[in-house]
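Architecture at a glance
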Amino acid sequence: MVDNKLYISYNQIHQLIDYAVKHYKLGDNFDPDLLIAIGGGGFIPARILRSFLKAKHGRNIPIQAIGLSLYEELLPGQGIEGIPEAPGTQVTKTQWLNFGGSDSLVSLLGRKILIVDEVDDSRKTLVYAVAELKKDILEQEKRAGMAPGESNTEIGIFVVYNKDKPKAEALDDETMKHYYPAGTTPDRWLFFPWDCTTDINVHTELSKRSFSSL
Ligand SMILES: O=P(O)(O)OC[C@H]1O[C@H](OP(=O)(O)OP(=O)(O)O)[C@H](O)[C@@H]1O
Ligand SMILES: Nc1nc2[nH]cnc2c(=O)[nH]1
């Protein structure tokens, strides 16, 4: 039965990422040298995206992971079968880069960073991620004796799906110049293949019907 959820299959995600890299000329127009995946949903898309970017230039772009959480299960067990989860009021940082502290391994300065996530819903998570990343960049510039913005670090955003809806928060104009949504959906709950704990073949079939009914 197709209900108010949109079922998404692994193949749809793979094909959309392929399409978006070509459509936005990623690797040319915006050529990232660092991918930051927002976990958990951004991990698999970031890994797929890396393959398509490698196919353009032959080099593997490093993927760093951050953990941000806004949505929570309504009741124990909900969410498991794609039941919509309730948005919390604020984003929680569960994991961050090892770039900011004194034990920093990699510089953010002068980089082209592409943040990757699977869905842009209220936009709160992306706004939070960009704000926190900018704080780190400022801090590194300060430590390097640079003026704010002198490093020319650029931030872009890649999402597999943007929900077409009024957003709770806005990204700044500069970041929006490098905002790359692979696909757009109506404001429905997206049931991703990695959320499926029953029969993935059934899920894949439902994904075909979900989209043909739009
Ligand atoms: O645009 P927003 O309304 O901020 O929602 C988008 C975020 O919500 C989900 O994360 P979630 O908080 O569920 O964490 P998870 O990826 O670990 O499930 C999703 O992975 C995005 O990161
Ligand atoms: N799985 C899933 N997570 C989300 N986080 C915010 N919106 C969504 C959604 O539609 N599906």
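So, a few notes on the structure that sits alongside this text. (Residues numbered from 1 in each chain as written. Chains lettered and ligands numbered in written order. Predicted model: local features only at pLDDT ≥ 70, side-chain atom pairs only at ≥ 80, totals over all residues. Heavy atoms only, no water.)

Bringing the overall build of the chain into the picture now. Each helix and strand in the chain was counted, giving 5 helices and 8 strands. Principal-axis analysis of the C-alpha atoms places the extent of the chain at approximately 60 × 40 × 30 Å. Residues counted as buried form 46% of the 214 residues belonging to the chain. Partitioning the contacts of the chain with sequence separation of at least 6, the portion at a separation of at least 24 is 76%. Computed over 24 positive and 29 negative side-chain charges, the inter-centroid distance for the chain is 4 Å. (Helix = DSSP H or I, 4+ residues; strand = E, 2+ residues; numbered from the N terminus. Buried < 20%, exposed > 50% of the residue type's maximum accessible area, 1.4 Å probe, protein only. Contact = heavy atoms within 4.5 Å. Lys, Arg positive; Asp, Glu negative; His and termini not counted. Charge placed at Lys NZ, Arg CZ, Asp CG, Glu CD.)

The environment of ligand 2 is formed by Tyr71, Val119, Asp121, Lys163, Arg188, Trp189, Leu190, Phe192 and Asp195. Residue Asp121 places a side-chain N or O atom 2.7 Å away from a nitrogen atom belonging to ligand 2. Here a nitrogen atom of ligand 2 and a backbone polar atom of Leu190 are 2.7 Å apart. Summarising the interface, the protein chains cover 88% of the accessible area of ligand 2, which totals 280 Å² for the free molecule. Tallied by class, residues from the shell around ligand 2 come to 5 nonpolar, no polar and 4 charged. (Near = heavy atom within 4 Å. Polar contact = N/O pair within 3.5 Å; in protein donor to acceptor, adjacent residues only side chain to side chain. Areas by Shrake-Rupley, 256 points an atom, 1.4 Å probe, with all protein chains shown as cover. Nonpolar A, V, L, I, M, F, W, Y, C, P; charged D, E, K, R; others polar.)

As a further point, take the site of ligand 1. As a structural note, the neighbourhood of ligand 1 is formed by 16 residues, with Leu70, Tyr71, Asp117, Ser122 and Thr125 the closest of them. Interatomic distance of 2.5 Å between a side-chain N/O atom of Asp117 and an oxygen atom of ligand 1. One of the backbone N or O atoms of Arg123 is found 2.9 Å from an oxygen atom in ligand 1. Across the complex, the protein chains shield 84% of the 490 Å² of accessible surface that ligand 1 would expose by itself. For the shell around ligand 1, the class distribution of residues is 4 nonpolar, 6 polar and 6 charged.

Turning next to helix 3 (residues 124–143). Given 3.6 residues to a turn, an α-helix orients residues that are three or four positions apart in the same direction. The end-to-end C-alpha distance of helix 3, which contains 20 residues, comes to 29 Å, matching closely the 28 Å that a straight helix rising 1.5 Å per residue would cover. Regarding helix 3, the residues found buried are Lys124, Thr125, Leu126, Val127, Ala129, Val130, Glu132, Leu133, Asp136, Ile137, Gln140 and Glu141. Looking at the residues trailing helix 3, positive phi occurs at Gly145, about 75 degrees. (Expected span 1.5 Å × (residues − 1).)

Okay, the pairing of strand 3 (residues 63–72) next. In terms of strand pairing, strand 2 (residues 34–39) meets strand 3 through 5 bridges, oriented parallel. Each residue of the ladder has a partner; that of Ile36, found in strand 3, is Gln64. Of the pairings in the sheet, the one linking strand 3 to strand 4 (residues 86–95) comprises 5 bridges and is antiparallel in character. Paired with Leu68 across the strands is Lys93, a residue of strand 4. (Pairing = 2+ DSSP bridges.)

Let's shift gears to the packing of helix 1 (residues 10–23) against helix 2 (residues 43–57). Contact geometry of helix 1 with helix 2 gives a least axis separation of 10 Å together with a crossing angle of 40 degrees. Overall, the two elements helix 1 and helix 2 adopt an arrangement that is oblique. As for how helix 1 packs across helix 2, the hand of that crossing is right-handed. Between helix 1 and helix 2, the contacting residues are Tyr10, Ile13, His14, Ile17, Asp18 and Val21 on the first element and Ile44, Pro45, Ile48, Leu49, Phe52, Leu53 and Lys56 on the second. Looking at the contact of helix 1 with helix 2 residue by residue, the class counts come to 10 nonpolar, 1 polar and 2 charged. (Axes fitted to C-alpha atoms, helices over the stretch in contact; angles between N-to-C directions. Parallel < 35°, antiparallel > 145°, perpendicular 65-115°, else oblique. Left-handed = near helix turned anticlockwise from the far one by under 90°.)

Any functional reading would require information beyond the geometric quantities listed.
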